[in-house]
Amino acid sequence: MRVISFRPRNMLRQNPCFALRVLRFLSKTIEMFFLFLFPFLLSPVVDHPVFGQESPPDGSETANVSKEGETGAKEQSELSLFEDIPVVVTASKKLEHLTEAPSMISVITADDIQRMGARNIMEVLRTIPGMEIIKDAWDISQMAVRGLRSERSTGVKILVDGHALNDPVTGGATEFYDDLPLKNIRRIEVIRGPASALYGANAFVSVVNIITKNALEINGAEVSLGAGSFRTFNPSLLFGKMLNELEISLYADYYTTAGAKLRINADTLSLYDEERIPYGFPPISLAPGDFQDQREKLHLAYKLKYLDFTLHGGFLEKSWGPFLTDWYMLNTLSSENVQHLYSDLEYRHFFTERLEFKGKVYADYFRGRLKEQAATLLAAEIRQRLEFLI
């Protein structure tokens, strides 16, 4: 029996090619190990997808996205430091930033009004979210806020420099000021919600505070003249001047128009005539006929300020007609004339940053004349004269 012994060292020395094969085999084995076995051994602890995995099981991709979102929010908050945050006074009757106001409030500046091309206050308020403006048969604007509408917009309180414009008869302000001019307005603040706790009656659904320009902002005189079709004419004057410690600002606006000539083929009395004419009765409806809305308005405003005293007020007189009346009847004699004169004297003194004293006295005079024609041949005219002093 012959025993054969295997000695690797001797074989490597005697056959070098064999040694090269062994080294090549070992390198291939190590390479295959790293390509196939090593990823499986480390897969429970790696943080990146393996073999086309879309999302890691530990949510690291979500964490990365949240970190990017935090970075973007931080950059946005830093950019907001350079933005001009509006300061409002209507929300709580004190100066505060819009972001700190305790109610939903919209701010419209004079630049915004100029860019939108509005001509009166109702065209501006129409752009407020949740606010709608509609017209009734008397051609008076009605305001609906968040779907709530009342006759003569009694649930909306309209202020000019803190002075209420709502009349004491209807409770609304649109019958007098639905076409308030805009050239003297610096800013409009609108509370989109109830504010009766601060402003009392008529502030049930909204508060509109109109802030006028002061003498420093005007700093001179501005004369404008507007004209249009239907014999429309609209001149205005805006003046503001600083005389030492006395601030003077004046505003005057006049508007007149013959109105558009509209053709009305039938009205409510036309139905009445259809039933009576076969029995020999004469017609009482003026339809078909032409309807033309004529308007004339004069608006004056002033503001005087000396040290802690401020005196401001205004005068409004306007007339319009004929209109269709509540019965939607074509007529030629219906008309309405309203007047409002008010003055407000205010004293305001700041002792410290948090302590101030404020006192105010004011007076209002309202007057309204209404002539409403129901039917010409029936001679049914309703005349109502309202003269009162508040």
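Up top you'll find the structure we're talking about.
Residues numbered from 1 in each chain as written. Predicted model: local features only at pLDDT ≥ 70, side-chain atom pairs only at ≥ 80, totals over all residues. Heavy atoms only, no water.

Moving on, we get to the overall build of the protein chain. When you go through the protein chain residue by residue, the secondary structure sums to nine helices and 20 strands. The burial tally for the protein chain puts 34% of its 390 residues in the buried class. Working note: accessible area of the protein chain is about 24700 Å², and carbon and sulfur atoms make up 59% of it. (Helix = DSSP H or I, 4+ residues; strand = E, 2+ residues; numbered from the N terminus. Buried < 20%, exposed > 50% of the residue type's maximum accessible area, 1.4 Å probe, protein only. Areas by Shrake-Rupley, 256 points an atom, 1.4 Å probe, with all protein chains shown as cover.)

Moving on: the packing of aromatic side chains. Working definition: an aromatic ring pair is given by the centre-to-centre distance plus the angle between the planes. Throughout the structure, instances matching the rule amount to three aromatic pairs. Ring centres of Tyr347 and Phe357 lie 6.0 Å apart, and the angle between their planes is 55°; this geometry places the pair in the tilted category. Placement of Tyr347 in strand E18 (residues 335-350) and of Phe357 in strand E19 (residues 356-375) is noted, with a sequence separation of ten residues between them. Owing to a relative accessible area of 26%, Tyr347 belongs among the partly exposed residues under this scheme. By the ring-pair criterion, three or more aromatic residues cluster together here, those being Phe309, Tyr347 and Phe357. (Phe/Tyr/Trp six-rings, centres within 6.5 Å; stacked < 30°, edge-to-face > 60°.)

So, on to unusual backbone geometry. That bond from Ala287 to Pro288 is cis: its omega, 0°, falls within 30 degrees of zero. Structurally, Pro288 is set in the loop between helix H9 (268-276) and strand E15 (289-292). At the junction of Gly321 and Pro322, the peptide bond is cis and its omega measures out at 0° in the coordinates. Structurally, the position occupied by Pro322 is in the loop between strand E17 (309-321) and E18. The backbone phi angle of Arg146 is positive, close to 55°, even though this residue is not glycine.

Under the definition given, this model contains 13 salt bridges. Between Glu189 and Arg187 there is a salt bridge, with its nearest N and O atoms 2.8 Å apart. The same class applies to Glu189 as to Arg187, namely buried. Asp290 is paired through a salt bridge with Lys261; the nearest N and O atoms lie 3.9 Å apart. Of this pair, Asp290 sits in strand E15 while Lys261 is found in strand E14 (residues 261-264), placing the two residues 29 residues apart along the sequence. When its relative accessible area of 42% is taken as the criterion, Asp290 is described as partly exposed. Taking the relative accessible area as the measure of exposure, Lys261 reaches 57% and is therefore exposed. (Salt bridge = Lys/Arg side-chain N within 4 Å of Asp/Glu carboxyl O.)

This next bit is on H9. Listed as buried for H9 are Leu269, Ser270 and Asp273. The arc that holds every buried residue of H9, seen down its axis, measures 105°, which confines them to one face. Among the exposed residues of H9, those pointing more than 90 degrees away from its buried face are Leu271, Glu274 and Glu275. A side-chain oxygen of the first residue of H9 lies 3.2 Å from the backbone nitrogen of Leu269; this N-cap is Asp267. (Arc of directions from axis to C-beta. Polar contact = N/O pair within 3.5 Å; in protein donor to acceptor, adjacent residues only side chain to side chain.)

Below, the discussion takes up the nonpolar core. Among the nonpolar cores identified, the biggest contains 35 residues, and Met143, Ile188 and Val208 are the most heavily contacted of them. At four residues, the largest contribution of residues to this core is made by helix H5 (residues 121-125). Beyond its immediate stretch of four places on either side in the chain, Met143 contacts Met122, Leu125, Met131, Glu132, Ile133, Leu148, Arg149, Ser153, Val156, Ile158, Thr174 and Val208. If you look at the next biggest cluster of nonpolar residues, it comprises ten residues, including Ala91, Leu159, Tyr199 and Ala203. (Core = buried A, V, L, I, M, F, W, Y, C linked by side-chain atoms within 4.5 Å. Contact = heavy atoms within 4.5 Å.)

Taken in spatial order, the three strands line up as E4-E5-E6 in an open sheet, and their pairing is antiparallel. Sheet topology places strand E4 (131-135) and strand E6 (148-149) at the edges, where each strand pairs with a single neighbour. Relative to strand E5 (residues 141-145), E4 runs antiparallel, the two sharing five bridges. Of the residues in E5, the one forming a bridge with Ile133 is Met143. (Pairing = 2+ DSSP bridges.)

Okay, the sheet that holds strand E10 (residues 206-212) next. Read from one edge of the open sheet, five strands run E3-E9-E10-E7-E8, paired in mixed fashion. Every interior strand has two partners, whereas the edge strands, strand E3 (105-109) and strand E8 (163-164), have only one. In the sheet, strand E7 (residues 156-160) pairs with E10 via five bridges, with the strands oriented parallel. The residue of E10 that forms the bridge with Lys157 is Val207.

On to the pairing of strand E12 (residues 232-243). Of the pairings in the sheet, the one linking strand E11 (residues 220-228) to E12 comprises nine bridges and is antiparallel in character. By the bridge assignment, Ser224 is partnered in E12 with Ser236. Direction of pairing for E12 relative to strand E13 (residues 246-257): antiparallel, over a ladder of nine bridges. Counterpart to Ser236 in the pairing with E13 is Asp253. Taking the residues between adjacent antiparallel strands as the criterion, E12 and E13 are bridged by two residues, where Asn244 takes a positive phi near 55°.

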